[in-house]
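Architecture and fold: a report
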Amino acid sequence: MSTSSGQQKGHTAATRRMARHYAMQALYQWQMAGSSINAIEAEFRTDNDMSKVDVDYFHEILHAVPEHLSELEALFTPFLVDRSLAELDAITRALLRMATYEFKFRIDVPYKVVINEAVALAKKFGAEDSHKFINGVLDKTAAVVRALEVNAERNSR
């Protein structure tokens, strides 16, 4: 939606951060309860103050991650080191899936922003030190999925 000033409504760093926050929680719920994505989205929109949330981004992540699940998991699974996908806790799985979705399909979001946002959510919701694991996996995933951007960044140092 456009506002009279020509800016996209709700597309600030803070509203995107809240969209990721709720999307991660909704994806967690989807993994744990197996409820339909539409039902979970309706519940989140009813139960939370969405006035400071980029709801379009929340909707996109919530629907697109399950839709592209196997493709996303195939991109980060090689970097899980000595763990299998099944061994990861649900928060870590949700964050890796969500961030990998952003790497692959939202090239308008810089890869460093994607990693920083996932790490911040892991620090808030994840198991102790899970943010370090997530940072490592996403760093390696970005080097493959966003190779041009990562290499340009490294070469500019």
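Since the structure is predicted, the reported quantities are computational estimates derived from the model, not experimental observations.

1. What about helix α1 (residues 13-33)?
The end-to-end C-alpha distance of α1, which contains 21 residues, comes to 30 Å, matching closely the 30 Å that a straight helix rising 1.5 Å per residue would cover. Three or more residues of α1 are buried, namely Thr 15, Arg 16, Ala 19, Arg 20, His 21, Tyr 22, Ala 23, Met 24, Ala 26, Leu 27 and Gln 29. Packed against the buried residues of α1 are α2 (37-47), α3 (55-67), α5 (90-105) and α6 (111-125).

2. Concerning the nonpolar core
The tendency in soluble globular proteins is for nonpolar side chains to be buried as a group. Residues Phe 58, Ile 61, Leu 80, Leu 95, Leu 96, Met 98 and Leu 138 are the most contacted members of the largest nonpolar core, which totals 46 residues. Looking at this core, the elements that each hand over two or more residues are α1, α2, α3, α4 (69-76), α5, α6 and α7 (130-145). Among the elements that make up this core, the one with the highest residue count is α5 (eight residues).

3. Here we look at the environment of Thr 77
As for its position among the elements, Thr 77 is in the loop between α4 and α5. What makes Thr 77 partly exposed here is its relative accessible area of 34%. Sequence spacing of Thr 77 and Arg 17 is 60 residues, and the spatial spacing of their C-alpha atoms is 25 Å.

4. Observations concerning the confidence of the model for the protein
The predicted model of the protein averages 91 in pLDDT, with 94% of residues at 70 or higher. Here residues 1-8 is modelled with pLDDT under 50, and outside its nearest four sequence neighbours on either side it reaches six contacts, counting other chains as well.

5. A word on the packing of α5 against α7
Two numbers describe how α5 lies on α7: the axes approach to 10 Å, and their chain directions differ by 25°. Relative to α7, the element α5 is oriented roughly parallel. Crossing hand, α5 versus α7: right-handed. Every residue of α7 that contacts α5 at Thr 92, Leu 95, Leu 96, Ala 99, Thr 100, Phe 103 and Lys 104 is listed here: Ser 130, Phe 133, Ile 134, Val 137, Leu 138, Thr 141, Ala 142 and Val 145. Residue composition of the contact of α5 with α7, grouped by class: ten nonpolar, four polar and one charged.

6. With respect to the packing of aromatic side chains
Scanning the model with the defined rule gives three aromatic pairs in all. Considering the side-chain rings of Phe 44 and Phe 58, the 6.1 Å spacing of their centres and the 40° angle between planes classify their relative orientation as tilted. With Phe 44 in helix α2 and Phe 58 in helix α3, this residue pair connects regions lying 14 residues apart in the sequence. On the basis of relative accessibility, which here comes to 0%, the residue Phe 58 falls in the buried class. Through successive ring pairs, a cluster of aromatic residues spans Tyr 22, Phe 44 and Phe 58. Over the face of the ring belonging to Phe 133 we find Arg 83, whose NZ or CZ atom lies 4.1 Å from the ring centre.

About the criteria used
The numbering scheme is per chain: residues are counted from 1 as the chain's sequence reads. In keeping with the predicted nature of the model, local features appear solely for residues at pLDDT of at least 70, side-chain atom pairs appear and are counted solely at 80 or more, and the whole-chain, interface and lining totals rest on all residues. Calculated side-chain values reflect all of the structure's heavy atoms, with hydrogen atoms and water omitted. Put simply, DSSP marks the helices as runs of H or I at least four residues long and the strands as runs of E at least two long, and each gets a number from the N terminus on. The span one expects for a helix is its residue count, reduced by one, times 1.5 Å. Exposed residues in this analysis have more than 50% of their type's maximum accessible area, buried residues have under 20%, and partly exposed residues fall in between, with area computed by a 1.4 Å probe over protein chains only. Should any heavy atoms of two residues lie within 4.5 Å, those residues are considered in contact. To define a nonpolar core, start from buried Ala, Val, Leu, Ile, Met, Phe, Trp, Tyr and Cys residues and group those joined through side-chain atoms within 4.5 Å. Each residue carries a pLDDT score, the predictor's own confidence in it, on a scale running from 0 to 100. Axis lines are fitted to C-alpha atoms, over the contacting stretch for helices. Their N-to-C directions set the angle, which ranges from 0 to 180 degrees. The labels follow the angle: roughly parallel below 35 degrees, roughly antiparallel above 145, roughly perpendicular from 65 to 115, and oblique for the rest. By convention, the crossing between two helices is left-handed when the near helix turns anticlockwise from the far helix through less than a right angle, and right-handed when the turn is clockwise. Under the scheme applied here, ten amino acids are nonpolar (Ala, Val, Leu, Ile, Met, Phe, Trp, Tyr, Cys and Pro), four are charged (Asp, Glu, Lys and Arg), and all others, including Gly, are polar. Between the rings of Phe, Tyr and Trp (Trp by its six-membered ring), a pair exists once the centres lie within 6.5 Å; its type follows the angle of the planes, with under 30 degrees stacked, over 60 edge-to-face, and the other angles tilted. Whether a charge lies above a ring is judged from NZ of Lys or CZ of Arg, which has to be within 6 Å of the ring centre and within 35 degrees of the ring normal.

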